[in-house]
Amino acid sequence: MFKNPLARAILLSSGSIPVARNPNSTPTAREQPSKPQTEVAPAHAALFRETFGALDREEAIGVFPEGTSYTEPGIAQVKDGASRAALEYVKWAKETKGGQRKRLQLVPVGIVYTDKSQYQSRVCVRWGKPIDVEAFAEEHIAADAESPLELDSRPLIKSLSAEIEKRLFDLTINAPDWDTLYAIESARDILWDDKERLDASHFVWISQNLISLFTDPHAASSVVKARQALLKYHSLLYYTNISHASMWGILSDPSTRPSPTHALGIFVRQLLTTVLHPRFLLFLPTLPVHIPAYATGFLADRALGNPEEEETHAQYKAIVGGAAAAAAYAGVTRVIVKWIAAGNLVPLSALKAPAFAVPALKAVWGAGRWFFTGDHSLSGRARAALGVFGIFYTTSFVLSHWHNYWVGSNYRQLKRLLASWKLVLGLFSPRSGDLSGERLAPYTLPYIPPPNPFVKRREPAEGASTRAHAPRAPPVPSRKLIRPLLEARSEATRALWSFLVDSKYLHGLVTAKMRGEAWMQVGPVT
């Protein structure tokens with residue numbers, strides 16, 4: 001990225017430090033001869049020089065120690081770059097300055113998205129206990145008196161990396177396999193109806209506690225049935241492209257089996273709620289401006305997004321859609337500038353503003369006119385350019401904040417509307433068209449993405465699922481899966497609660513929900 005002059009200028013101005021990635025970490029490393037150490041050393045020297053300079057100025061440096069972006073059920077690897085740089089800095093400070101002015105602390109930070117494929121997903125950020133690098137090194141050097149370690153020795157670097165990994169594990173969600181992660185996601189959604197209603201500060205705790213419950217070797221035997229039912233429900237939600245929150249929003253009772261006419265009534269109610277609710281009426285003025293952003297973001301996701309990498313979907317939607325939104329704001333700015341420069345008061349008179357606000361609006365309009373009443377001299381053009389920039393900034397600020405405030409609730413309602421329409425199509429379709437038996441089986445096992453070639457694989461944990469990469473089942477109309485989905489939802493809910501009763505968690509869970517407590521505080525009743 002630093003090879004591009006524009007990107008380099010932006011990155012350097014934001015405080016980014018160039019990193020030369022190890023060519024041996026790429027999946028094609030075996031096919032390419034490794035570079036001699038003399039060629040790699042200058043890049044590492046430049047990296048350490050920039051890093052040491054920032055640390056010596058007592059600045060903070062953010063490092064993603066995993067080395068690459070990936071989608072896995074837990075932390076798959078922590079590389080040695082962060083620990084090596086920290087220990088090298090401590091050694092450098094001792095040799096050149098007689099020690100550190102302020103002791104270097106490594107602060108582990110866990111970052112978990114509630115749904116990282118979704119734009120504007122909530123982010124759970126948790127801060128761990130800092131690691132005093134020098135104290136950590138001294139403790140390990142003293143413990144190995146027979147063969148004293150150097151500050152930059154490989155065993156010490158590995159020990160510090162292991163400690164970082166351990167603390168990151170405590171701050172994030174880590175399941176032994178994909179099936180366990182999918183099962184607890186369904187369980188969490190059923191227990192809390194909508195994960196967006198779950199306090200972000202409790203999201204990681206609750207998820208990890210469910211993982212511990214479902215992977216307990218001494219768990220009740222009903223865990224097998226619960227796990228299978230939850231996986232089936234998760235998979236059918238995936239292949240119908242319906243979320244549990246949307247299902248709960250239109251059918252709160254999982255035992256309900258709506259008739260076709262009942263489903264039609266639900267759709268009509270959701271349609272009226274979508275278009276007549278005040279939140280949509282308040283959102284409507286910004287909707288036409290942002291349609292180009294929605295369209296280009298969707299097309300970019302389809303054209304550039306990697307189906308196997310979950311994070312790329314929101315990434316390309318945000319980047320390309322954001323650029324399209326900026327272009328739309330520029331178009332609005334151009335129209336406003338034309339009106340102001342021409343002295344056109346029609347838009348102002350057409351605005352149905354309260355009487356007390358009219359003088360203020362006219363004053364703002366007059367102030368805007370001042371920027372465009374100069375001559376064609378350099379000062380006049382500079383004043384006009386400043387006016388254009390001010391209008392663009394104000395327009396972008398107002399429209400983006402207005403849009404972002406209302407888009408989330410309207411998008412959730414749109415998903416409920418689409419789910420209710422799929423429910424109508426499924427229940428009005430003849431039962432003979434539903435998938436069942438062997439034809440349904442591929443859609444009851446969740447999709448498992450292929451292994452990331454940039455991640456060094458660990459040995460699977462004891463008791464972890466041995467299911468490897470499971471490709472997606474062939475596309476099928478969602479109407480063929482609606483009745484099986486309703487049955488799977490009811491079955492998963494019954495099986496989950498039966499397992500919780502058998503595990504003696506039911507009483508504590510209900511008490512915690514009534515008190516609004518995190519489930520991590522709840523244990524089995526003894």
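Residues numbered from 1 in each chain as written. Predicted model: local features only at pLDDT ≥ 70, side-chain atom pairs only at ≥ 80, totals over all residues. Heavy atoms only, no water.

**So, the overall build of the protein**
So, step 1. Of the regular secondary structure elements, the protein holds 19 helices and four strands.
So, step 2. Within the protein, the proportion of its 526 residues that are buried is 39%.
So, step 3. Long-range pairs, those at least 24 residues apart, make up 72% of the contacts in the protein between residues at least 6 apart in sequence.
So, step 4. Here the protein has roughly 30200 Å² of accessible surface; of this, 61% comes from carbon and sulfur atoms. (Helix = DSSP H or I, 4+ residues; strand = E, 2+ residues; numbered from the N terminus. Buried < 20%, exposed > 50% of the residue type's maximum accessible area, 1.4 Å probe, protein only. Contact = heavy atoms within 4.5 Å. Areas by Shrake-Rupley, 256 points an atom, 1.4 Å probe, with all protein chains shown as cover.)

**Remarks on the packing of helix 12 (residues 287-304) against helix 16 (residues 378-428)**
So, step 1. The geometry of helix 12 relative to helix 16 is characterised by a closest axis approach of 11 Å and an angle of 75° between their N-to-C directions. Classified by the interaxial angle, the pair formed by helix 12 and helix 16 is roughly perpendicular. Side by side, helix 12 and helix 16 meet where Val289, His290 and Tyr294 of the first sit next to Leu399, His403 and Val407 of the second.
So, step 2. Taken together, the residues that form the contact of helix 12 with helix 16 break down as four nonpolar, two polar and no charged. (Axes fitted to C-alpha atoms, helices over the stretch in contact; angles between N-to-C directions. Parallel < 35°, antiparallel > 145°, perpendicular 65-115°, else oblique. Nonpolar A, V, L, I, M, F, W, Y, C, P; charged D, E, K, R; others polar.)

**Quick look at the packing of aromatic side chains**
So, step 1. The tally for this structure, following the rule as stated, stands at 11 aromatic pairs.
So, step 2. When the ring of Tyr405 is compared with that of Trp406, the centres are 5.0 Å apart and the planes differ by 80°; the resulting orientation is edge-to-face.
So, step 3. Judged by its relative accessible area of 21%, Trp406 is partly exposed.
So, step 4. Put simply, the rings of Tyr238, Tyr239, Tyr443 and Tyr447 touch in pairs and so form one group of aromatic residues.
So, step 5. In this structure, Arg472 is placed above the aromatic ring of Tyr447, and the distance from its NZ or CZ to the ring centre is 4.0 Å. (Phe/Tyr/Trp six-rings, centres within 6.5 Å; stacked < 30°, edge-to-face > 60°. Lys NZ or Arg CZ within 6 Å of the ring centre and 35° of its normal.)

**Thoughts on the confidence of the model for the protein**
So, step 1. Per-residue confidence for the protein gives a mean pLDDT of 83, with 84% of residues at or over 70.
So, step 2. Low pLDDT, under 50, characterises residues 514-526; the predicted model gives this stretch 28 contacts beyond four residues in sequence or across chains. (pLDDT = per-residue confidence, 0-100.)

**Points about the nonpolar core**
So, step 1. Counting residues in each nonpolar core, the largest one holds 61 residues, and the members touching the most others are Phe214, Leu230, Tyr233, Leu423, Tyr443, Leu481 and Leu496.
So, step 2. Counting residues per element, the ones that place at least two in this core are helix 6 (178-192), helix 7 (200-215), helix 8 (223-240), helix 9 (244-250), helix 10 (260-276), helix 16 and helix 18 (482-502).
So, step 3. When sequence neighbours within four positions are dropped, the list of residues in contact with Phe214 reads Ile184, Ala187, Val223, Ala226, Arg227, Leu230, Leu496 and Phe499.
So, step 4. Residues Ala137, Ile157, Ile164 and Leu168 belong to the second largest nonpolar core, which totals 26 residues. (Core = buried A, V, L, I, M, F, W, Y, C linked by side-chain atoms within 4.5 Å.)

**Thoughts on helix 12**
So, step 1. With 18 residues, helix 12 ought to run about 26 Å at 1.5 Å a step, and its terminal C-alpha atoms sit 25 Å apart, in line with that.
So, step 2. Buried within helix 12 are the following residues: Leu287, Val289, His290, Ala293, Gly297, Ala300 and Asp301. Looking down the long axis of helix 12, one finds its buried residues gathered within 140° of arc, a one-sided arrangement. Structural note: helix 12 exposes Pro288, Leu299, Arg302 and Ala303 on the side pointing more than 90 degrees away from its buried face.
So, step 3. Looking at the packing, one finds that the buried side of helix 12 touches helix 11 (278-283), helix 13 (311-342) and helix 16. (Expected span 1.5 Å × (residues − 1). Arc of directions from axis to C-beta.)

**Overview of unusual backbone geometry**
Across the chain, the bulk of peptide bonds are trans and the bulk of non-glycine residues have phi less than zero.
So, step 1. The phi torsion at Glu58 lies on the positive side, around 65°, for a residue other than glycine.
So, step 2. The class of Glu58 is partly exposed, set by a relative accessible area of 49%.
So, step 3. Although it is not a glycine, Asn241 adopts a positive phi angle of roughly 60°.
So, step 4. Along the chain, Asn241 falls in the loop between helix 8 and helix 9.
So, step 5. We classify Asn241 as exposed; its relative accessible area is 65%.

**Section: a nonpolar patch on the surface**
So, step 1. Taken together, the side chains of Phe64, Val107, Ile111, Tyr113, Val123, Val125 and Trp127 define a hydrophobic patch exposed on the protein surface, amounting to about 760 Å² of accessible area.
So, step 2. When contributions to the nonpolar patch are tallied by element, the ones reaching two or more residues are strand 2 (109-113) and strand 3 (123-127).
So, step 3. Topologically, Trp127 is positioned in strand 3.
So, step 4. On the basis of relative accessibility, which here comes to 63%, the residue Trp127 falls in the exposed class. (Patch = residues over 30% accessible without salt bridge, like charges linked within 9 Å, V, L, I, M, F, W, Y side chains within 5 Å. Salt bridge = Lys/Arg side-chain N within 4 Å of Asp/Glu carboxyl O.)

**A short note on the pairing of strand 3**
So, step 1. Going residue by residue along strand 3, you find Cys124 and Arg126 tucked away on one face and Val123, Val125 and Trp127 left uncovered on the opposite face.
So, step 2. As defined by bridge partners, strand 2 adjoins strand 3 across five bridges and the pair is classed as antiparallel. Each bridged residue has a counterpart across the sheet, and for Tyr113 the counterpart in strand 3 is Val123. (Pairing = 2+ DSSP bridges.)

**Overview of the pattern of salt bridges**
So, step 1. This model, assessed by the stated rule, comprises 10 salt bridges.
So, step 2. Of the charged contacts in the structure, one is a salt bridge between Arg57 and Glu59, with a shortest N-O distance of 3.1 Å.
So, step 3. Given a relative accessible area of 53%, Arg57 falls into the exposed group.
So, step 4. The class for Glu59 is partly exposed, based on a relative accessible area of 39%.

**Some remarks on the side chain of Asp115**
So, step 1. Within the fold, Asp115 resides in the loop between strand 2 and strand 3.
So, step 2. The side chain of Asp115 sits in the buried core without any salt bridge; Lys195 is the nearest counter-charge, 4.4 Å away.
So, step 3. Excluding residues that lie within four positions of it along the chain, Asp115 makes contacts with Ser121, Lys195 and Glu310. (Lys, Arg positive; Asp, Glu negative; His and termini not counted.)

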